[in-house]
Amino acid sequence: MRGMRLILVRHGVTKMNIHKVFQHTDEPLSAEGLNQIAKVANRLRHEHIDVIFVSSILRAQRTAEEIAKYHPGIAMHVDRRLDEREAGVFRGRPYSDMEEAIACAGISMAEFVPAGGESWNAVAHRTMDFFHDVFREQHGKNVLVVGHGGSVTSIVRHVLKWTAEKEVSASNTGVSIFNISDQSCTVELLDCTKHLQS
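Residues numbered from 1 in each chain as written. Predicted model: local features only at pLDDT ≥ 70, side-chain atom pairs only at ≥ 80, totals over all residues. Heavy atoms only, no water.

Visitor: Any details on unusual backbone geometry? Residues and values, ideally.
Guide: The backbone phi angle of Lys 161 is positive, close to 60°, even though this residue is not glycine. Checked against the element boundaries, Lys 161 lands in the loop between α6 (149-160) and β5 (175-181). In the Ramachandran plot, Thr 173 falls in the positive-phi region, its phi being about 65° despite a non-glycine side chain. One can find Thr 173 in the loop between α6 and β5. (Helix = DSSP H or I, 4+ residues; strand = E, 2+ residues; numbered from the N terminus.)

Visitor: So what's going on with empty space enclosed by the protein? Residues and values would help.
Guide: Counting across every chain of the model gives 1 cavity of 30 Å³ or more. Empty space within the largest cavity amounts to approximately 40 Å³. As for the largest cavity, its lining consists of Leu 8, Arg 10, Val 152, Val 156, Ser 169, Ala 170, Ser 171, Gly 174, Ser 176 and Asp 191. Listed by contribution, the elements that provide at least two residues to the lining of the largest cavity are β1 (3-10) and α6. Taken together, the residues that form the lining of the largest cavity break down as 4 nonpolar, 4 polar and 2 charged. (1 Å grid on protein atoms, 1.4 Å probe; cavity = no way out; pocket = protein on both sides within 12 Å on 5 of 7 lines; lining within 4 Å. Points joined across faces, edges and corners; volume = space filled by probe spheres on them. Nonpolar A, V, L, I, M, F, W, Y, C, P; charged D, E, K, R; others polar.)

Visitor: Explain the pattern of salt bridges to me, using residue names and the numbers behind them.
Guide: What the rule picks out here adds up to 11 salt bridges. Close ionic contact of Glu 86 with Arg 91 constitutes a salt bridge, the shortest N to O distance being 2.6 Å. Assessed through its relative accessible area of 30%, Arg 91 is described here as partly exposed. The residue Arg 136 makes a salt bridge to Glu 137 at a minimum N-O spacing of 3.3 Å. (Salt bridge = Lys/Arg side-chain N within 4 Å of Asp/Glu carboxyl O. Buried < 20%, exposed > 50% of the residue type's maximum accessible area, 1.4 Å probe, protein only.)

Visitor: Let's hear about helix α5 (residues 120-137): which residues, and what values?
Guide: The end-to-end C-alpha separation of α5 is 26 Å, in line with the 26 Å expected for 18 residues at 1.5 Å each. Considered for burial, the residues of α5 that qualify are Val 123, Arg 126, Thr 127, Phe 130, Phe 131, Val 134 and Phe 135. Here the buried face of α5 lies against β1, β2 (51-54), β4 (142-147), α6 and β5. (Expected span 1.5 Å × (residues − 1). Contact = heavy atoms within 4.5 Å.)

Visitor: Can you explain the pairing of β1? Please cite residues and give values.
Guide: The buried fraction of β1 amounts to 7 of the 8 residues, a majority that puts the element mostly inside the structure. Two elements, β1 and β5, share 7 bridges in a ladder whose sense is antiparallel. In the sheet register, Arg 5 faces β5, and the bridge partner there is Asn 179. (Pairing = 2+ DSSP bridges.)

Visitor: Could you give an account of the environment of Arg 81, with specific residues and numbers?
Guide: Here Arg 81 is to be found in the loop between β3 (75-78) and α4 (95-105). Its relative accessible area of 24% is what places Arg 81 among the partly exposed residues. A C-alpha to C-alpha distance of 8.9 Å links Arg 81 and Met 128, two positions 47 residues apart in sequence. The residues contacting Arg 81, other than those within four sequence positions of it, are Arg 126, Thr 127, Asp 129, Phe 130 and Asp 133. Among the polar contacts listed, one links the side chain of Arg 81 to the side chain of Asp 79, at a separation of 2.9 Å. (Polar contact = N/O pair within 3.5 Å; in protein donor to acceptor, adjacent residues only side chain to side chain.)

Visitor: How would you summarise helix α2 (residues 31-43) if you had to cite specific residues and measurements?
Guide: With 13 residues, α2 should reach 18 Å at 1.5 Å per residue; the first-to-last C-alpha distance of 19 Å fits that figure. Among the residues of α2, Gly 33, Gln 36, Ile 37, Val 40 and Ala 41 are the ones counted as buried. When α2 is viewed along its axis, its buried side chains cluster within an angular range of 130° and face the same direction. Next to the buried residues of α2 lie β1, α3 (58-68) and β5. (Arc of directions from axis to C-beta.)

Visitor: Describe the packing of α2 against α3, naming the residues involved and giving the relevant values.
Guide: At their nearest, the axes of α2 and α3 sit 8 Å apart, and the two run at 35° to each other. As for the relative orientation of α2 and α3, their crossing is right-handed in sense. Each of Leu 34, Ile 37, Ala 38, Val 40 and Ala 41 in α2 lies in contact with α3, whose residues at this interface are Arg 62, Thr 63, Glu 66 and Ile 67. Of the residues assigned to the contact of α2 with α3, the class counts are 6 nonpolar, 1 polar and 2 charged. (Axes fitted to C-alpha atoms, helices over the stretch in contact; angles between N-to-C directions. Left-handed = near helix turned anticlockwise from the far one by under 90°.)

In structure tokens, the structure reads:
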């Protein structure tokens, strides 16, 4: 029977996260974000990690690199399927602008495709592909995945068999851990941020 221990972490916070603005790919972590990633790295220092997967975006890579300092020699793979949703024309604009456009379009948030961007359904599809590839290729291993709000929540919904309508929280540097087999999935942690309270 195949199995995998999956550790999911969202990147540290940025200024645009705080202001609820769709971000650019090169948006750096804020001072608070740098503090957060140091804390989550310390929290995970004693976790056994066999391999790391991370999105191609700077803020996620910086987070993964901080965690990897405590795990020297571990392979780190960049996978664009973990990237944040492409917001297209809404990059640099507040979330509320897209919400207004969705209301005007009269379709669901999951289906809405901004000009030059992608829908949440598309994000869910590519992250699902990523998960199935990793589960097939990394069975028996402890896998760390560092991504974004969109990619992390999509993976959580998929492994727990939740619908797109199910609210899922993915806090900055929140840690979720799952033990996954062909038949079942048990949850050790779900978006835990206790490391930020120290």
